Amino acid sequence: LLDRIRALPALTRFHIRGRIRTCPFDAIAEAVPESGLIASIGCGHGNFEVRLALDAEDRRILGTDADPAKIEVARTLAAGSDRIRFEVGDLFAALRPGERPSAILSIDVFYLIPYAEQEAILRKSREVLQPGGVILIKDMRERPRLKAAWNRFQETLSVRVIGITHGR
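What you are looking at is a predicted structure, and each value in this text was computed from that prediction instead of being measured.

### Concerning the packing of aromatic side chains
Turning to step 1, where the next piece is worked out: Within the structure shown, the criterion is met by 1 aromatic pair.
Turning to step 2, where the next piece is worked out: Their ring planes at 15° and their centres at 4.7 Å tell us that phenylalanine 25 and phenylalanine 48 sit as a pair that is stacked. Taken together, the positions of phenylalanine 25 in helix α3 (residues 25-30) and phenylalanine 48 in helix α4 (residues 47-55) put the pair 23 residues apart, joining distant regions of the chain. Considered together, phenylalanine 25 and phenylalanine 48 belong to a single accessibility category, that of buried residues.

### What about the pattern of salt bridges?
Any two side chains of opposite charge can pair if their charged atoms end up close together.
Turning to step 1, where the next piece is worked out: A full pass over the atoms with the stated rule returns 11 salt bridges.
Turning to step 2, where the next piece is worked out: Between aspartate 108 and lysine 138 there is a salt bridge, with the nearest N and O atoms lying 2.6 Å from each other. Taken together, the residues aspartate 108 in the loop between β4 (103-107) and α7 (115-128) and lysine 138 in strand β5 (residues 134-138) connect sequence positions 30 residues apart.
Turning to step 3, where the next piece is worked out: Among the residues examined, aspartate 108 registers a relative accessible area of 7% and is labelled buried.
Turning to step 4, where the next piece is worked out: Residue classification places lysine 138 among the buried residues on the basis of a relative accessible area of 18%.
Turning to step 5, where the next piece is worked out: Linking glutamate 127 and lysine 124 is a salt bridge whose minimum nitrogen-to-oxygen distance equals 3.8 Å. In this pair, glutamate 127 and lysine 124 both sit in helix α7, 3 residues apart, roughly one turn of the helix.
Turning to step 6, where the next piece is worked out: Put simply, Glu72, Arg75, Arg85, Glu87 and Glu99 are held in one network by salt bridges that share partners.

How each quantity is defined
Residues numbered from 1 in each chain as written. Predicted model: local features only at pLDDT ≥ 70, side-chain atom pairs only at ≥ 80, totals over all residues. Heavy atoms only, no water. Phe/Tyr/Trp six-rings, centres within 6.5 Å; stacked < 30°, edge-to-face > 60°. Helix = DSSP H or I, 4+ residues; strand = E, 2+ residues; numbered from the N terminus. Buried < 20%, exposed > 50% of the residue type's maximum accessible area, 1.4 Å probe, protein only. Salt bridge = Lys/Arg side-chain N within 4 Å of Asp/Glu carboxyl O.

Shown next as C-alpha coordinates:
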(Lines give C-alpha, C1' and ligand atoms only; values in the text may rest on other atoms or scores of the structure.)
Protein backbone atom coordinates (compact mmCIF):
# COMPACT_ATOMS: atom_id res chain seq x y z
CA LEU A 1 0.00 0.00 0.00
CA LEU A 2 2.79 2.43 0.87
CA ASP A 3 4.26 1.84 -2.59
CA ARG A 4 0.94 2.91 -4.12
CA ILE A 5 0.84 6.29 -2.33
CA ARG A 6 4.29 7.47 -3.49
CA ALA A 7 2.92 9.34 -6.51
CA LEU A 8 0.22 11.17 -4.53
CA PRO A 9 0.50 14.84 -3.46
CA ALA A 10 2.49 15.44 -0.26
CA LEU A 11 -0.51 16.47 1.89
CA THR A 12 -2.46 13.38 0.83
CA ARG A 13 0.55 11.12 1.55
CA PHE A 14 0.94 12.77 4.96
CA HIS A 15 -2.75 12.27 5.77
CA ILE A 16 -2.78 8.61 4.68
CA ARG A 17 0.43 7.81 6.58
CA GLY A 18 -0.99 9.50 9.67
CA ARG A 19 -4.19 7.42 9.42
CA ILE A 20 -2.17 4.23 9.00
CA ARG A 21 -0.14 5.05 12.11
CA THR A 22 -2.99 6.21 14.35
CA CYS A 23 -5.97 4.02 13.41
CA PRO A 24 -6.13 0.39 14.62
CA PHE A 25 -6.48 -0.97 11.09
CA ASP A 26 -4.90 -4.33 12.00
CA ALA A 27 -7.51 -5.01 14.68
CA ILE A 28 -10.35 -3.94 12.39
CA ALA A 29 -9.04 -6.09 9.52
CA GLU A 30 -9.14 -9.17 11.74
CA ALA A 31 -12.93 -8.78 12.05
CA VAL A 32 -13.53 -8.41 8.30
CA PRO A 33 -14.69 -11.54 6.46
CA GLU A 34 -12.07 -13.09 4.16
CA SER A 35 -14.47 -13.26 1.22
CA GLY A 36 -17.47 -11.59 -0.33
CA LEU A 37 -18.32 -7.97 -0.93
CA ILE A 38 -16.89 -5.63 1.70
CA ALA A 39 -18.69 -2.28 1.57
CA SER A 40 -17.34 0.85 3.21
CA ILE A 41 -19.26 3.98 4.18
CA GLY A 42 -16.99 7.04 4.17
CA CYS A 43 -13.91 5.30 2.76
CA GLY A 44 -11.98 8.54 2.35
CA HIS A 45 -8.81 7.94 0.32
CA GLY A 46 -9.54 4.20 0.28
CA ASN A 47 -6.24 3.13 1.81
CA PHE A 48 -7.81 0.65 4.24
CA GLU A 49 -10.14 -0.74 1.60
CA VAL A 50 -7.25 -1.31 -0.82
CA ARG A 51 -5.33 -3.02 1.97
CA LEU A 52 -8.32 -5.33 2.62
CA ALA A 53 -8.35 -6.34 -1.05
CA LEU A 54 -4.59 -6.92 -1.06
CA ASP A 55 -4.88 -9.08 2.10
CA ALA A 56 -7.49 -11.52 0.75
CA GLU A 57 -8.04 -12.49 -2.89
CA ASP A 58 -11.66 -13.52 -2.30
CA ARG A 59 -12.72 -10.07 -1.17
CA ARG A 60 -14.42 -7.59 -3.45
CA ILE A 61 -14.47 -4.00 -2.23
CA LEU A 62 -16.98 -1.19 -2.66
CA GLY A 63 -15.96 2.07 -1.03
CA THR A 64 -18.10 5.20 -0.98
CA ASP A 65 -17.41 8.72 0.18
CA ALA A 66 -19.02 12.15 -0.17
CA ASP A 67 -15.77 13.74 -1.34
CA PRO A 68 -15.06 13.34 -5.09
CA ALA A 69 -11.39 14.28 -4.62
CA LYS A 70 -10.89 11.48 -2.10
CA ILE A 71 -12.61 9.01 -4.40
CA GLU A 72 -10.21 9.98 -7.19
CA VAL A 73 -7.28 9.21 -4.86
CA ALA A 74 -8.92 5.91 -3.89
CA ARG A 75 -9.33 4.98 -7.55
CA THR A 76 -5.66 5.78 -8.11
CA LEU A 77 -4.67 3.49 -5.23
CA ALA A 78 -6.91 0.73 -6.63
CA ALA A 79 -5.68 1.06 -10.21
CA GLY A 80 -5.29 -2.28 -11.93
CA SER A 81 -7.66 -4.19 -9.66
CA ASP A 82 -11.01 -5.40 -10.91
CA ARG A 83 -12.04 -6.33 -7.36
CA ILE A 84 -12.08 -2.79 -5.99
CA ARG A 85 -14.66 -0.13 -6.84
CA PHE A 86 -14.99 3.38 -5.43
CA GLU A 87 -18.05 5.59 -5.88
CA VAL A 88 -18.95 9.13 -4.83
CA GLY A 89 -22.05 9.32 -2.65
CA ASP A 90 -24.33 6.94 -0.82
CA LEU A 91 -23.35 3.31 -0.32
CA PHE A 92 -26.87 2.02 -0.80
CA ALA A 93 -27.26 3.83 -4.12
CA ALA A 94 -23.88 2.45 -5.24
CA LEU A 95 -24.83 -1.19 -4.64
CA ARG A 96 -25.60 -2.94 -7.90
CA PRO A 97 -28.75 -5.04 -8.24
CA GLY A 98 -28.31 -8.27 -6.32
CA GLU A 99 -25.18 -7.12 -4.46
CA ARG A 100 -25.33 -8.06 -0.80
CA PRO A 101 -22.27 -7.22 1.29
CA SER A 102 -20.81 -9.75 3.69
CA ALA A 103 -19.58 -6.76 5.70
CA ILE A 104 -20.36 -3.06 5.92
CA LEU A 105 -17.65 -0.88 7.47
CA SER A 106 -17.64 2.64 8.83
CA ILE A 107 -14.36 3.91 10.24
CA ASP A 108 -14.33 7.28 12.01
CA VAL A 109 -17.39 8.51 10.14
CA PHE A 110 -20.44 8.17 12.40
CA TYR A 111 -19.45 11.04 14.67
CA LEU A 112 -19.83 13.32 11.62
CA ILE A 113 -23.41 12.12 10.94
CA PRO A 114 -26.50 13.26 12.88
CA TYR A 115 -27.92 10.56 15.16
CA ALA A 116 -31.18 10.09 13.22
CA GLU A 117 -29.20 9.48 10.03
CA GLN A 118 -26.95 7.01 11.87
CA GLU A 119 -30.01 4.97 12.82
CA ALA A 120 -31.28 5.02 9.23
CA ILE A 121 -27.88 3.87 7.94
CA LEU A 122 -27.83 1.00 10.43
CA ARG A 123 -31.37 -0.10 9.50
CA LYS A 124 -30.57 0.00 5.78
CA SER A 125 -27.27 -1.83 6.38
CA ARG A 126 -29.12 -4.62 8.10
CA GLU A 127 -31.57 -4.87 5.19
CA VAL A 128 -28.90 -5.23 2.47
CA LEU A 129 -26.39 -7.33 4.40
CA GLN A 130 -25.97 -11.01 3.56
CA PRO A 131 -27.32 -13.40 6.20
CA GLY A 132 -24.59 -13.79 8.79
CA GLY A 133 -22.86 -10.64 7.57
CA VAL A 134 -21.27 -8.11 9.90
CA ILE A 135 -21.48 -4.38 10.46
CA LEU A 136 -18.22 -2.94 11.77
CA ILE A 137 -18.15 0.57 13.18
CA LYS A 138 -15.03 2.15 14.59
CA ASP A 139 -15.59 5.63 15.92
CA MET A 140 -14.17 8.18 18.33
CA ARG A 141 -14.08 7.47 22.06
CA GLU A 142 -13.63 9.72 25.05
CA ARG A 143 -11.11 7.45 26.78
CA PRO A 144 -8.21 7.28 27.08
CA ARG A 145 -8.24 11.05 27.37
CA LEU A 146 -4.91 11.57 25.60
CA LYS A 147 -6.11 9.53 22.60
CA ALA A 148 -9.44 11.39 22.61
CA ALA A 149 -7.61 14.73 22.63
CA TRP A 150 -5.44 13.57 19.71
CA ASN A 151 -8.55 12.43 17.79
CA ARG A 152 -10.25 15.80 18.34
CA PHE A 153 -7.12 17.64 17.18
CA GLN A 154 -6.70 15.43 14.11
CA GLU A 155 -10.35 15.64 13.11
CA THR A 156 -10.62 19.41 13.75
CA LEU A 157 -7.58 19.88 11.56
CA SER A 158 -9.01 17.56 8.86
CA VAL A 159 -12.60 18.87 8.90
CA ARG A 160 -12.40 22.56 9.82
CA VAL A 161 -8.88 23.75 9.03
CA ILE A 162 -7.58 21.85 6.00
CA GLY A 163 -10.97 20.70 4.76
CA ILE A 164 -9.64 17.26 3.82
CA THR A 165 -12.68 15.61 5.44
CA HIS A 166 -16.34 16.52 4.88
CA GLY A 167 -18.51 16.74 7.98
CA ARG A 168 -21.15 18.69 9.79
